[in-house]
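An overview of the molecular structure
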Number of protein chains: 2
Amino acid sequence: MTPMPLHQPPGAERAAPRTPRGRRAPRPSGDDRQLAILATAERLLEGRQFHTISIDELARGAGISRPTFYFYFASKEAVLLALLDRVAEEAGRAAGEALLGLAEDPPARWRGALAAFYDIFRAHRAVVLAVVEAGASAGGAEVRGLWASVLGGWIAHTARAIEAERERGAAPPGPPAHELAAALNSMNERVFYSSFADDGLVPRGTDVVEVTLHVWLTAIYGTAGS
Amino acid sequence: MTPMPLHQPPGAERAAPRTPRGRRAPRPSGDDRQLAILATAERLLEGRQFHTISIDELARGAGISRPTFYFYFASKEAVLLALLDRVAEEAGRAAGEALLGLAEDPPARWRGALAAFYDIFRAHRAVVLAVVEAGASAGGAEVRGLWASVLGGWIAHTARAIEAERERGAAPPGPPAHELAAALNSMNERVFYSSFADDGLVPRGTDVVEVTLHVWLTAIYGTAGS
DNA sequence: CGAGAACATCGACACGCTGTCGACAACGGG
DNA sequence: CCCGTTGTCGACAGCGTGTCGATGTTCTCG
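A short tour of the structure in this document, coming up. (Residues numbered from 1 in each chain as written. Chains lettered and ligands numbered in written order. Predicted model: local features only at pLDDT ≥ 70, side-chain atom pairs only at ≥ 80, totals over all residues. Heavy atoms only, no water.)

**Considerations on the side chain of E189 of chain B**
- Its place among the elements puts E189 of chain B in helix 8 (residues 177–197).
- A relative accessible area of 15% places E189 of chain B in the buried class.
- The residues contacting E189 of chain B, other than those within four sequence positions of it, are R190 of chain A together with W147 and L151 of chain B. (Helix = DSSP H or I, 4+ residues; strand = E, 2+ residues; numbered from the N terminus. Buried < 20%, exposed > 50% of the residue type's maximum accessible area, 1.4 Å probe, protein only. Contact = heavy atoms within 4.5 Å.)

Shown next, in the form of structure tokens:
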């Protein structure tokens, strides 16, 4: 038991909905605790850095003791991984949809995709900030890995779109599409991040979507297009 | 002498060069130790992550005990700060020179500036990787701050260059120069970093200077320019 | 040249956090 | 009604950090 691929340990796919009727259960069930930990983490993350949150706080916040925390998650990072899963899936889907029918109105579609990313990440910026922070340090290998695969997937998607634009003659030849896609996405990751972290690199009040969009359009089409 | 604002505590600005003649000093002097710590840090950083290096190792590597380490530096991060100071100054100077006479041959000058950054950071990639890692976690506030001011300085420099190009009519109007400069520099920071970290985002073998240069030129001038 | 100041060094301790072990409570089915 | 699964926690061992106080070393100046 406890095969636990990575994050999301046991109790994650426990079977039946043991009778929630009648007076409330004397002891909250495992699933509740699992969710309570996740909720506590997201709540604490709103106002503090990931590394300042101890496992004990997460546990206490969910009404359990520290050792018990380990029954649900293997580490603090595992909790973050679970949180990231949701956000990544949401963002990927939204941005993917935005690019459908690119040929009809490129500037508008690209803007839609960038905006989708921005909006969703912004809505969960506490998680995004924590992922970057955790990924860069200690037990962050897995966090970094998941993040890299998410971003990598989106880069591949972008690369295909660029190639399609070139093939239909809408965009001129240029650097290898995949490399260009990696550079552009890297820019957005960093700029959006700076914007959320408010670290002073991007001038306050900057419309980061518009600025990055300008760069994307000129880099892909050679003109500001509009 | 060695004004050194924050990190680099006491013993940093000791006066005279007490006679090094005669038989070798029984005890290495403070400055030697200071340097020994820096050297040890750079050496260890070549093969390991910043967070896996303990203060004890740094101390032992310099031939002193852990408590004594604190006589020279306030923390692990302070050591990194000292290392970063050097690299940042070197890179800033080199890239600044590369941009002189921009009007004569824009593409070549910009390429020179980006290449200067790339080369110098690459030569000290262990330090760069450590800075990003340390900046994102624990006592990284100061590291992050120094890094931000370095990058911020370069962004301002870039912004002025873009404005000059627009004024002399070489570049068309576009997004606010400072915002554009921030986005472009953010891209380079991230792409160069990925390249050094070999995290799989940027395809192996990519000529990151050429790719990012393409983006810079099209974003600033509206064409790939050659 | 000899004493005190400044420099340098380290043993030992107090902490805070992580991860694990073993014991034990609660509950649902045979 | 007994037992295995699910949950829970006290207590311990380990590791790294930062500090304090005692002590050795070197410089300076009267």
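There is more to say after this.
**Re the pattern of salt bridges**
- All chains considered together, the criterion is met by 20 salt bridges over all chains.
- One salt bridge in this structure joins R190 of chain A and D199 of chain A, with 3.8 Å as the shortest N-O distance.
- We classify R190 of chain A as buried; its relative accessible area is 11%.
- In this structure, the salt-bridge partner of R93 of chain B is E89 of chain B, at a minimum N-O distance of 3.9 Å. Placement of the pair is R93 of chain B and E89 of chain B together in helix 4 (residues 76–98), with a separation of 4 residues, close to one helical turn.
- Three or more residues are tied together by salt bridges with common partners; here these are E189 of chain A together with R190 and D199 of chain B. (Salt bridge = Lys/Arg side-chain N within 4 Å of Asp/Glu carboxyl O.)

**A look at unusual backbone geometry**
- One non-glycine residue, D198 of chain A, lies in positive phi territory at about 55°.
- Mapped onto the elements, D198 of chain A comes out in the loop between helix 8 (177–197) and helix 9 (208–221).

**Side note on the interface of chain A and chain B**
- Listed as interface residues are 38 residues of chain A and, on the opposing side, 37 residues of chain B.
- Overall, the association of chain A and chain B removes approximately 2900 Å² of surface from exposure, summing both partners, and the carbon and sulfur fraction of that is 68%.
- Considering only the side of chain A, the residues that lose the most area to chain B are E179, R190 and L201 of chain A, jointly responsible for 19% of the buried surface there.
- For the pair chain A and chain B, the number of links is 2 salt bridges.
- R190 of chain A serves as the salt-bridge partner of E189 of chain B, at 2.4 Å between the closest nitrogen and oxygen.
- At the boundary of chain A with chain B, the tally comes to 6 residue pairs in polar contact (both at pLDDT 80 or more).
- Elements with a contribution of two residues or more to the side of chain A that touches chain B: helix 6 (125–136), helix 7 (141–167), helix 8 and helix 9 of chain A.
- It is helix 8 of chain A that contributes the most residues to the side of chain A that touches chain B, 11 residues altogether.
- Across the side of chain A that touches chain B, the residue classes tally to 20 nonpolar, 11 polar and 7 charged. (Buried area = accessible area lost by both parts, 1.4 Å probe. Polar contact = N/O pair within 3.5 Å; in protein donor to acceptor, adjacent residues only side chain to side chain. Nonpolar A, V, L, I, M, F, W, Y, C, P; charged D, E, K, R; others polar.)

**Details of the relation of the copies chain A and chain B**
- Once turned by 180° and shifted 0.0 Å along the axis, chain A lies on chain B with an RMSD of 0.1 Å. A rotation of that kind, with that shift, is consistent with a two-fold axis. For chain A, the smallest separation between a C-alpha atom and the rotation axis is recorded for M187 of chain A, amounting to 2.0 Å.
- A share of 97% of the interface residues of chain A reappears at the interface of chain B, consistent with the copies meeting face to face through the same patch. (Least-squares fit on C-alpha atoms with pLDDT ≥ 70 in both.)

**Comments concerning empty space enclosed by the protein**
Residues and elements named next belong to chain A.
- In this structure the tally under the stated criterion is 7 cavities of 30 Å³ or more.
- Here the largest cavity is characterised by a volume of approximately 200 Å³.
- Contributing to the lining of the largest cavity are 16 residues, with F117, F121, L151, N188 and E189 lying nearest its centre.
- For the lining of the largest cavity, the secondary structure elements donating two or more residues are helix 5 (106–123), helix 6, helix 7 and helix 8.
- Among the elements that line the lining of the largest cavity, the one with the most residues is helix 8, at 6 residues.
- Residues that form the lining of the largest cavity fall into these classes: 13 nonpolar, 2 polar and 1 charged.
- For the second largest cavity, the calculated volume is near 140 Å³. (1 Å grid on protein atoms, 1.4 Å probe; cavity = no way out; pocket = protein on both sides within 12 Å on 5 of 7 lines; lining within 4 Å. Points joined across faces, edges and corners; volume = space filled by probe spheres on them.)

Geometric descriptors of this kind do not, in isolation, establish any biological role.
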